[in-house]
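Each chain is listed here by its residues.
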Amino acid sequence: MVSLSEIRAHNATVKNLGSGLVAVFVGGTSGIGLSTAREFTRKAVAPHIYLIGRNESQASSIISELRSINDSATVDFVKSDVSLLKSVDAACEEISKKEQKVNILFMTPGVLTMQGRTETSEGIDRKLSLHYYARMRFIQNLLPQLNLAASAGGLARVISILGPGNEDKLVESDLDLKTNYSLSNAAGHAITMNSLSMVQYAAANPAVSFLHCNPGGVQTNAARELNPLLRGLASGLFMILKPFPTSSIGIVPLGEAGERHLYAATSPIFAPKNQNAETVGADGERGSGAYRLGFDTAAISEKKASSVMVKDYLTNGVGKKVWEHTADILSKVTGAK
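Predicted, not measured: the structure shown is a model, and the values here were computed from it.

1. Comments concerning empty space enclosed by the protein
All told, the structure shown has two cavities of 30 Å³ or more when counted by the stated rule. What lines the largest cavity is Cys213, Asn214, Pro215, Val252, Ala257, Arg260, His261, Ala264, Leu293, Gly294, Phe295 and Thr297. Split by residue class, the lining of the largest cavity holds seven nonpolar, four polar and one charged. In this model, the second largest cavity occupies a volume close to 60 Å³. Residue lining of the second largest cavity: 10 residues in total, with Thr113, Gln115, Thr118, Arg126 and Lys127 positioned closest to the centre. Grouping the constituent residues of the lining of the second largest cavity by class yields two nonpolar, four polar and four charged.

Shown next as structure tokens:
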């Protein structure tokens, strides 16, 4: 486990990365995204922050808050329903018109729901779109800006917050779960495909780091679509577990989650091709540029069953199959190659 004191000591040095860092927070108007955006605003010098979300009135108060934290910060809100890939394209186009470089792409969009397959107007299950396909489209669209930041010697990092360590078996003949949908399958597919695709992106973009991070138990508004009884039960469980330390059961206070993920987004330990970093559990080799981190901000052990599964899938060509499937879905929905 990376101690909170170690994390805070590093975060105090973020200012040394230079002024004008550009960070895009997808899902940045609430929860872990907002908490991390707060910490980034507090520690960076004259950062330019993009918050992508649906709630414009909520974003207005957040922008005021972030500017009060750091009056050198520039904060923009991009309104977008990112469950739709074409909306992702529009959001990225807006950013690309303003920014040649992007240093951090931080993605947390998601929803906790008990509903079955619920297709968007683009024919993709909404849960899978938020947890996987939309995230991959953001990466695909902003890679030129990330690579340019890296080529200039700057920070270039992608962070997807979901659930590494909880990967599950894929239905390889039905990766988008058109016919084999269940909530457990949807969760497992999104997590596993995030881990596999991060390795594929890292291989194709060796100057950029790609992190798949498990935040642990963090109380956010992800349960907003559950019925009142289930929301109440979830809230009560967090209240019961709140007094326990992070290291014992994986319950992480929201503020601490922001600190931990700022560390993940900026620490040189997770630099691409870092031969001293523990990248095992991503592709089983050091220096891959792809990382899977647990709630304690440490690399997930290669001995963990899910890590063995990820490594086996990569070795057996399933990672490439997921990569090709994803490219096909993104192309068909958006009309772009």
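There's plenty left to go through after this.
2. Quick word on the confidence of the model for the protein chain
Across the protein chain, pLDDT averages 89, with 86% of residues at or above 70. Counting contacts from residues 230-245, a segment whose pLDDT is below 50, to residues more than four positions away or on other chains yields 12 contacts. Of the regions scoring below 50 in pLDDT, residues 278-286 engages in 32 contacts with residues more than four places distant in sequence or in other chains.

3. A short note on the sheet that holds strand β7 (residues 290-293)
The seven strands lie next to each other as β3-β2-β1-β4-β5-β6-β7, forming an open sheet whose pairing is parallel. The open sheet has two edge strands with one neighbour each: β3 (74-79) and β7. Neighbour to neighbour, the strand axes of the sheet diverge by 15° on average, direction disregarded. Here four bridges tie strand β6 (residues 209-213) to β7, and the two strands are oriented parallel to one another.

4. Some thoughts on the packing of aromatic side chains
Two measures describe an aromatic ring pair: the distance that separates the ring centres and the angle between the ring planes. Enumeration over the complete set of coordinates arrives at seven aromatic pairs. Geometrically, the ring pair formed by Tyr201 and Trp323 is edge-to-face, given 4.7 Å between the ring centres and 75° between the ring planes. Within this pair, whereas Tyr201 is found in helix α6 (residues 183-204), its partner Trp323 is found in helix α11 (residues 318-334), the two being separated by 122 residues in sequence. Here Phe270 and Tyr291 contribute two aromatic rings whose centre-to-centre distance is 5.3 Å and whose plane-to-plane angle is 75°, an arrangement assigned as edge-to-face. Separated by 21 residues along the polypeptide, Phe270 in the loop between α9 (254-266) and β7 and Tyr291 in strand β7 bring together distant segments of the chain.

5. Examining the environment of Ser129
Along the chain, Ser129 falls in helix α5 (residues 126-151). Judged by its relative accessible area of 0%, Ser129 is buried. Once the C-alpha coordinates of Ser129 and Glu119 are considered, the two residues, 10 residues apart in sequence, prove to be 9.2 Å apart. The residues contacting Ser129, other than those within four sequence positions of it, are Val82, Ser83, Leu85, Ile124, Ala134 and Arg135.

6. Concerning α5
Here α5 is 26 residues long and its end C-alpha atoms lie 35 Å apart, about the 38 Å a rise of 1.5 Å per residue gives. Where α5 bends most, the angle comes to about 55°, and this point is Leu142, followed within four residues by the proline Pro144. Of all 26 residues that make up α5, 19 are buried, and the element is covered over most of its length. Of the residues that open α5, the one with a side-chain oxygen 3.3 Å from the backbone nitrogen of Lys127 is Asp125. Directly beyond the C-terminal end of α5, a positive phi value near 85° is found at Gly153.

7. Focus: the pairing of strand β1 (residues 22-26)
Most of β1 is tucked away, with five of its five residues classed as buried. Burial along β1 is two-sided: the face carrying Val22, Val24 and Val26 and the face carrying Ala23 and Phe25 are both buried. Bridge count for β1 against strand β2 (residues 48-53) is five bridges, and the pairing is parallel. Bridge pairing in β2 places Val22 opposite His48. Relative to strand β4 (residues 104-107), β1 is paired through four bridges, and the arrangement is parallel.

8. Notes on the packing of helix α2 (residues 31-43) against α9
Contact geometry for α2 and α9: axes closest at 8 Å, N-to-C directions at 60°. It follows that α2 is oblique to α9 by the angle criterion. Crossing of α2 over α9 shows right-handed handedness. Residues Gly31, Ile32, Ser35, Thr36, Glu39, Phe40 and Lys43 of α2 form the contact with α9, whose participating residues are Leu254, Gly255, Ala257, Gly258, Glu259, His261 and Leu262. Of the residues that constitute the contact of α2 with α9, the class distribution is five nonpolar, six polar and three charged.

The rules behind these values
- Residues numbered from 1 in each chain as written.
- Predicted model: local features only at pLDDT ≥ 70, side-chain atom pairs only at ≥ 80, totals over all residues.
- Heavy atoms only, no water.
- 1 Å grid on protein atoms, 1.4 Å probe; cavity = no way out; pocket = protein on both sides within 12 Å on 5 of 7 lines; lining within 4 Å.
- Points joined across faces, edges and corners; volume = space filled by probe spheres on them.
- Nonpolar A, V, L, I, M, F, W, Y, C, P; charged D, E, K, R; others polar.
- pLDDT = per-residue confidence, 0-100.
- Contact = heavy atoms within 4.5 Å.
- Pairing = 2+ DSSP bridges.
- Helix = DSSP H or I, 4+ residues; strand = E, 2+ residues; numbered from the N terminus.
- Axes fitted to C-alpha atoms, helices over the stretch in contact; angles between N-to-C directions.
- Phe/Tyr/Trp six-rings, centres within 6.5 Å; stacked < 30°, edge-to-face > 60°.
- Buried < 20%, exposed > 50% of the residue type's maximum accessible area, 1.4 Å probe, protein only.
- Expected span 1.5 Å × (residues − 1).
- Bend = angle between axes of the 7 residues up to and from the residue.
- Polar contact = N/O pair within 3.5 Å; in protein donor to acceptor, adjacent residues only side chain to side chain.
- Parallel < 35°, antiparallel > 145°, perpendicular 65-115°, else oblique.
- Left-handed = near helix turned anticlockwise from the far one by under 90°.

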